[in-house]
Amino acid sequence: MSGLKKLLYKKKYIKIPLRKMVTNHMELNAQINGVTGKFILDTGASNSCVGIVMIDYFKIQAEKSETKAAGAGATDMETQQSENNNLEIGKWKNKNFSLVLFDLVHVNKALTLHEVEEVHGIIGADILQKGKAIIDYNKNVLYLKKIKKQD
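In this text, all values refer to a predicted model and were calculated from it rather than measured experimentally. What you see as residue numbers is a count from 1 along each chain, following the sequence as written. Since the coordinates come from a predicted model, pLDDT governs what is reported: local features require at least 70, and pairs of side-chain atoms require 80 or more to be given and counted, while whole-chain, interface and lining totals use all residues. The basis for every side-chain value is the complete set of non-hydrogen atoms in the structure, without hydrogens or water.

Asker: Could you clarify how one ought to interpret the environment of Asn29 in this entry?
Answerer: Within the secondary structure layout, Asn29 lies in strand S3 (residues 26–32). We classify Asn29 as partly exposed; its relative accessible area is 40%. In the structure, Asn29 is positioned 13 residues away from Ile16 in sequence and 9.2 Å away in space, judged by C-alpha atoms. Whether two residues touch is decided by their heavy atoms; if any such pair falls within 4.5 Å, the residues are in contact. Not counting residues within four places of it along the chain, the set of residues in contact with Asn29 comprises Arg19, Thr36, Gly37, Lys38 and Ile89. For this analysis, a polar contact is any N or O atom pair within 3.5 Å, provided that within protein one partner can donate a hydrogen and the other can accept it, and provided that sequence-adjacent residues contribute only side-chain to side-chain pairs. At 3.2 Å, the side chain of Asn29 and the side chain of Arg19 are in polar contact. Helix numbers and strand numbers start at the N terminus; a helix is a DSSP run of H or I with at least 4 residues, a strand a run of E with at least 2. Buried residues are those whose accessible area, probed at 1.4 Å on protein chains only, stays under 20% of the maximum for their type, while exposed residues exceed 50% and partly exposed ones sit between those limits.

Asker: Please clarify how the environment of Val53 should be interpreted in this entry.
Answerer: If you trace the backbone, Val53 turns up in the loop between strand S5 (49–51) and strand S6 (63–71). Linking Val53 and His120, residues 67 residues apart in sequence, is a C-alpha distance of 9.1 Å.

Right, here's the structure in full:
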């Protein structure tokens, strides 16, 4: 076991494999409310989000939001907010996960132009901060620190 891997294991970090896409994005699987989806890992996204058309798929309770979203190639997009979701990334769990919902058409269109499958959403800085994330780009691995017991 390498030094970093051993140290992170002792500090209760969970190892999550990442897949490098042809677009150079890193992709991972995650479960929201028990339903598996495919997500881009985006350190520049302030919030984790799901495509607005995925509300039923992920069993999400959404509310309107006054916040407008902006991302690569799109601005001033309508959003919805969802609270108290269960998120699992590998063995890492967050039982009180909030997310933003908005139209991810522009993201998925860019991916399909590169012949890459569409994604359900984006894992952003909110989760990376909560999990005290360490990304090993050389090994395509994300480490998230186990959250202490949740209610």
